[in-house]
Amino acid sequence: MTSTRKIESNKKNASRSTGPRTPGGKLRSRVNSRRHGLATRIEDDTETKDSIDCLTEILSEGNNGIGCEEQARVLAECHFEKRRIRAARFDVFLTMADLENASAEDFEVALRAMSNISRYATRAFSKAKRAIRKSGL
Amino acid sequence: MRISPTGDNTFSKSQNTGTQYLIPKGLVSFVGICPPLLPGEEEKNFYVLFDMMAEEIGPTTNVEWFAVADVVDLLWDIGRYRLWKNAILMVSRRDALVTALTRTHPYYNPNAKISLADEEAVLWRTDPKKQVVLQARLDEAGYCTDALNAGALMEAQMPLATIDRFLSSARGQLNTTLKEIGVRREFADRARKAFDERLKLTVEVLKPKQIGPN
């Protein structure tokens, strides 16, 4: 149980902290807790949104397409999700580019990072699978 | 060069290999793009792999083209994981050697914080004369090459198992997609066959090396 004195002290210290003030500082602190960015929804990414729209259109048009626009959008999102996962994986691979001088600890850290990423990959593949199933390709 | 069945909605593409195949026009900017490369990797090799898979599987629909791209990406990552496996074995062998040298050192003290074994391990790699002396010391204490390799494998067991899990997960992800496509088409069989063939070839090329003393 936290003591009253400790709580008061925490409050006092917290009131002194004003957080980032400059626009640059605010921008930087926004990503303080960001690790790989895979937990954010791909459709919320403004840079990718146009590409998703474009791919959705391609997938849903013509005889060769999958017909259903909703599922086409899901498939397009999955495609960019996988691309993002691949980029995150690449970052980890890059940290281990010098394999000859890597230590066991380096591998441990890298493998943990890969494990964290791999669950997002499984999720993206499953999502794509459901979209293909629903689209009745 | 294959002829487009529709004639107008396809695009002929050739990437360094001389082979030509048809990617649907709209997908050219989404499929078959070389990923960022690590030091030592070559763009050409990626396109060779992509061409080979596209030729062999022969995708016909947009979704099948995406599946081919997934297959190629997974194979590319599997190649990288295999390099990790080799490197982990080497690192473990190095660590096992340091452990053995530490324990057999004439002034070995389990409570000492500073060890000369790291320095000796470097000498082992760089000085053949010193290596003979150190090997004799290890042999005397029962640390033969097989024992060192066994020790290295024991140390590498966990990371190797993790990588095997990744490899198996990659295969699982591929199956997940192919299963859905394969419900109505024989495409999945072709893709799976091509994937397995390619994997077999890579395994033959990258035969596991016997860990040597160096």
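Residues numbered from 1 in each chain as written. Chains lettered and ligands numbered in written order. Predicted model: local features only at pLDDT ≥ 70, side-chain atom pairs only at ≥ 80, totals over all residues.

What to know about the overall build of chain A
Here is step 1 of the chain: A tally of helices and strands in chain A yields 5 helices and 0 strands.
Here is step 2 of the chain: Traced from its N-terminal end to its C-terminal end, chain A shows the element sequence α-α-α-α-α.
Here is step 3 of the chain: For a compact globule of 137 residues, the expected C-alpha radius of gyration is about 14 Å, and chain A comes in at 22 Å, more than 25% above that figure.
Here is step 4 of the chain: The dimensions of chain A, computed from C-alpha atoms along their principal axes, are 70 × 45 × 35 Å.
Here is step 5 of the chain: Across the 137 residues of chain A, 28% fall into the buried class.
Here is step 6 of the chain: Considering only contacts in chain A between residues 6 or more positions apart, those separated by 24 or more positions represent 58%. (Helix = DSSP H or I, 4+ residues; strand = E, 2+ residues; numbered from the N terminus. Rg over C-alpha atoms; globule rule 2.2 N^0.38 Å. Buried ≥ 20, exposed ≤ 12 C-beta atoms within 10 Å, placed from the backbone. Contact = placed C-beta atoms within 7 Å.)

Details of the overall build of chain B
Here is step 1 of the chain: A tally of regular secondary structure across chain B gives 6 helices and 2 strands.
Here is step 2 of the chain: Written out in order from the N terminus, the α and β elements of chain B read β-β-α-α-α-α-α-α.
Here is step 3 of the chain: Taken over 214 residues, chain B has a buried fraction of 31%.
Here is step 4 of the chain: Pairs at least 24 residues apart make up 60% of the contacts formed inside chain B by residues separated by at least 6 positions.

Some remarks on the environment of B:A117
Residues and elements named next belong to chain B.
Here is step 1 of the chain: Relative to the elements of secondary structure, A117 occurs in helix α3 (residues 117-126).
Here is step 2 of the chain: Expressed as a C-alpha distance, the spacing of A117 and Y47, which sit 70 residues apart in the sequence, is 46 Å.
Here is step 3 of the chain: Those residues within four positions of A117 in sequence are excluded, and the remaining contacts are V98, L101, T102 and H105.

So, the environment of A:R112
All names here are of chain A.
Here is step 1 of the chain: As for its placement among the helices and strands, R112 is situated in helix α5 (residues 104-135).
Here is step 2 of the chain: Take R112: there are 12 C-beta atoms within 10 Å of it, and that puts it in the exposed class.
Here is step 3 of the chain: Separated by 31 residues in sequence, R112 and E81 have C-alpha atoms that sit 20 Å apart.

So, the nonpolar core
Here is step 1 of the chain: If you look at the biggest cluster of nonpolar residues, it comprises 68 residues, and the most contacted ones within it are A:L75, B:M53, B:V68 and B:V71.
Here is step 2 of the chain: Of all the elements, helix α2 (residues 62-103) of chain B adds the most residues to this core, at 18 residues.
Here is step 3 of the chain: Non-local contacts of B:V71, meaning those with residues more than four positions away in its chain, are made with B:M53, B:L174, B:A191 and B:F195. (Core = buried A, V, L, I, M, F, W, Y, C linked by C-beta atoms within 7 Å.)

Some details on the interface of chain A and chain B
Here is step 1 of the chain: At the interface, 34 residues of chain A touch 33 residues of chain B.
Here is step 2 of the chain: Breaking the side of chain A that touches chain B down by element, the ones donating at least two residues are α3 (46-60), α4 (69-95) and α5 of chain A.
Here is step 3 of the chain: Broken down by element, the residue count for the side of chain A that touches chain B peaks at 15 residues, all from α5(A).
Here is step 4 of the chain: A breakdown of the residues in the side of chain A that touches chain B according to their chemical character gives 20 nonpolar, 9 polar and 5 charged. (Nonpolar A, V, L, I, M, F, W, Y, C, P; charged D, E, K, R; others polar.)

Digging into the environment of A:E43
All names here are of chain A.
Here is step 1 of the chain: Along the chain, the position of E43 falls in the loop between α2 (23-30) and α3.
Here is step 2 of the chain: The sequence separation of E43 and S17 amounts to 26 residues, and the corresponding C-alpha distance is 35 Å.
Here is step 3 of the chain: The contact partners of E43, leaving out residues within four places of it in the chain, are K49, I52 and E77.

Quick notes on the packing of α3(B) against helix α4 (residues 128-140) of chain B
Residue and element names in this part refer to chain B.
Here is step 1 of the chain: At a minimum axis separation of 6 Å, α3 and α4 run at an interaxial angle of 120 degrees. For the element pair α3 / α4, the angle class is oblique. When the axes of α3 and α4 are compared, the crossing they make is left-handed. Residues E120, L123 and W124 of α3 touch α4, and the partners they reach there are K130, Q131 and L134.
Here is step 2 of the chain: Its residues placed into classes, the contact of α3 with α4 shows 3 nonpolar, 1 polar and 2 charged. (Axes fitted to C-alpha atoms, helices over the stretch in contact; angles between N-to-C directions. Parallel < 35°, antiparallel > 145°, perpendicular 65-115°, else oblique. Left-handed = near helix turned anticlockwise from the far one by under 90°.)

Some words on the packing of α4(A) against α5(A)
All names here are of chain A.
Here is step 1 of the chain: Between α4 and α5, whose axes approach to 9 Å, the crossing angle comes to 165 degrees. Of the possible angle classes, the one that applies to α4 and α5 is roughly antiparallel. The element α4 and its partner α5 pack so that their crossing is left-handed. Note on element contacts: α5 touches α4 through A110, A113, M114, I117, Y120, A121, A124, K127, A128, A131, K134 and S135, opposite Q71, V74, L75, C78, E81, K82, I85, A88, R89, V92 and T95.
Here is step 2 of the chain: A class-by-class count of the residues in the contact of α4 with α5 yields 15 nonpolar, 3 polar and 5 charged.

What about the confidence of the model for chain B?
Low-confidence regions, as indicated by low pLDDT, have predicted coordinates that should not be scrutinised in detail.
Residue and element names in this part refer to chain B.
Here is step 1 of the chain: In this model, chain B carries an average pLDDT of 76, and 77% of its residues clear a pLDDT of 70 or more.
Here is step 2 of the chain: Throughout residues 1-17 the model reports pLDDT below 50, and contacts reaching past four residues in sequence, or to other chains, amount to 32 contacts.
Here is step 3 of the chain: Per the prediction output, this complex has pTM 0.72; the corresponding ipTM is 0.73. (pLDDT = per-residue confidence, 0-100.)

What about the confidence of the model for chain A?
Here is step 1 of the chain: Confidence in the prediction for chain A averages 85 pLDDT; 94% of positions are at 70 or higher.
Here is step 2 of the chain: At the low end of the mean pLDDT range in chain A sits α2(A), at 84; at the high end sits α4(A), at 91.

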